[in-house]
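Below are the chains, spelled out letter by letter.
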Amino acid sequence: MAEVKEWLEMEPEIPAFPSLKVLKIVDCFSLNTVPRMSRFSSLEKLKIAECFQLGWIGDEPFPSTLKKLTLRNCHNLRLIPHLDGLSSLLELRLLKCYGLKSLPSGLSTCISLRQLFIYDCSNLESIPEDVGKLNCLEKLCICYCGNLKRLPEESLGCLTSLKRLQLGPFSKELEEFPGLGSIHHLHSSLKELRLDARDKPCSLPALEELDIRYFNGLEELPEWLGNLCSLRILCCWSCTNLVHLPSKEALQRLSNLHLVRSPFANVISTAKAVENLQTPKMNEMGKRGG
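So, a few notes on the structure that sits alongside this text. Bear in mind the structure is a predicted one, so any value in this text is a computation, not a measurement.

1. Quick word on the overall build of the protein
Counting its regular elements, the protein contains 3 helices and 11 strands. Each helix and strand of the protein, ordered N terminal to C terminal, gives the series β-β-β-β-β-β-α-β-β-β-β-β-α-α. Looking at the protein as a whole, 42% of its 290 residues are labelled buried. Total accessible area on the protein is roughly 14,900 Å²; 50% of this is exposed by carbon and sulfur atoms.

Right, here's the structure in full:
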């Protein structure tokens, strides 16, 4: 199918696969048009991938039965039809759609959406405010969007069902990492948080205590922790692969450091090099580490 350039439509009055539930259009490298999705009245899963020349899906709506939509490696795709009325949509994935500058309208009507993945959409400029109306959203990933300059912080704080959040890196023009001001609103639901700041400062000017637990994939704490001007207490519990703390200069503002179940000697030595730093859990950490 690599050489197919055009999808020939049947007559409008002829039903198009009325029982079709899954449609995958993959590796059609030269394809520049796709069928009108509204004609597939029972469609539940749609995947369009590796269609590098596809620039237009059309302006007709997706069928209201759609539950999963994936658009991947559609490098020329600049516009996605609106999502109005897709109350059954559970998962939306937009990956490596380099021409995309904005998300489709109507996102707030996707009241059942559980997962939203936006990955490597390098020209995406903004995330709409109405993302905060996705009350059922459990997983949100906005990563490697190099032109993204802002996030709707207040809207992120409204996602009270969110369990997994992955953000960054974003535009190099940003003076500091966005979105952090709203994360504390998610404390009751959030189980996994991944931030890729790429050396951008993270501004949480009022944060006095940071507690990190069971991040077993965490190998080092970032140097920008030193920019948290009010931070006095840092706790890391059961971060079993933690190897490196920030430099002693970055830890100068701390008054208390709690590290439990982290057995690495170089973590201990960095902490003990900080003047006036109380480390009440250090002995426990050392004993557990053997």
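Next, the rest of the story.
2. Here we look at the sheet that holds strand E1 (residues 22-26)
Remark on secondary structure: sheet strands pair via backbone hydrogen bonds, oriented parallel or antiparallel. Pairing within the open sheet is parallel, and its 8 strands lie in the order E1-E2-E3-E4-E5-E6-E7-E8. Of all the strands in the sheet, the pair left with one neighbour each is E1 and strand E8 (192-195). Direction aside, neighbouring strands of the sheet carry axes that sit 5° apart on average. Pairing of E1 with strand E2 (residues 45-49) involves 5 bridges; the strand directions are parallel. Its bridge partner lying in E2, Lys24 is registered against Lys47.

3. Comments concerning the pattern of salt bridges
Scanning all chains against the criterion turns up 7 salt bridges. Linking Arg93 and Glu91 is a salt bridge whose minimum nitrogen-to-oxygen distance equals 2.3 Å. On the basis of relative accessibility, which here comes to 24%, the residue Arg93 falls in the partly exposed class. Glu91 sits in the buried class, given a relative accessible area of 13%. Two residues, Asp120 and Lys96, come together in a salt bridge whose shortest N-O distance is 3.1 Å. Taken together, the positions of Asp120 in the loop between strand E5 (115-119) and strand E6 (139-143) and Lys96 in the loop between strand E4 (91-95) and E5 put the pair 24 residues apart, joining distant regions of the chain. What emerges from the salt-bridge pattern is a single network uniting Lys68, Glu91 and Arg93.

4. Re the environment of Glu50
Within the element layout of this structure, Glu50 appears in the loop between E2 and strand E3 (68-72). Residue classification places Glu50 among the buried residues on the basis of a relative accessible area of 11%. Along the sequence, Glu50 and His75 sit 25 residues apart, while their C-alpha atoms lie 8.3 Å from each other. Residues contacting Glu50, with those up to four places away along its chain left out, are Val26, Asp27, Cys28, Phe29, Arg72 and Asn73. There is a polar contact of 2.7 Å between the side chain of Glu50 and the side chain of Arg72. Within the structure, the side chain of Glu50 is placed 2.8 Å from the side chain of Asn73, a separation counted as a polar contact.

5. Thoughts on the state of the cysteines
Going through the model one piece at a time under the given rule, you end up with 0 disulfides. You can see Cys74 has no disulfide; the closest cysteine sulfur is in Cys97, sitting 5.2 Å from it.

Calculation rules
- Residues numbered from 1 in each chain as written.
- Predicted model: local features only at pLDDT ≥ 70, side-chain atom pairs only at ≥ 80, totals over all residues.
- Heavy atoms only, no water.
- Helix = DSSP H or I, 4+ residues; strand = E, 2+ residues; numbered from the N terminus.
- Buried < 20%, exposed > 50% of the residue type's maximum accessible area, 1.4 Å probe, protein only.
- Areas by Shrake-Rupley, 256 points an atom, 1.4 Å probe, with all protein chains shown as cover.
- Pairing = 2+ DSSP bridges.
- Axes fitted to C-alpha atoms, helices over the stretch in contact; angles between N-to-C directions.
- Salt bridge = Lys/Arg side-chain N within 4 Å of Asp/Glu carboxyl O.
- Contact = heavy atoms within 4.5 Å.
- Polar contact = N/O pair within 3.5 Å; in protein donor to acceptor, adjacent residues only side chain to side chain.
- Disulfide = S-S within 2.5 Å.

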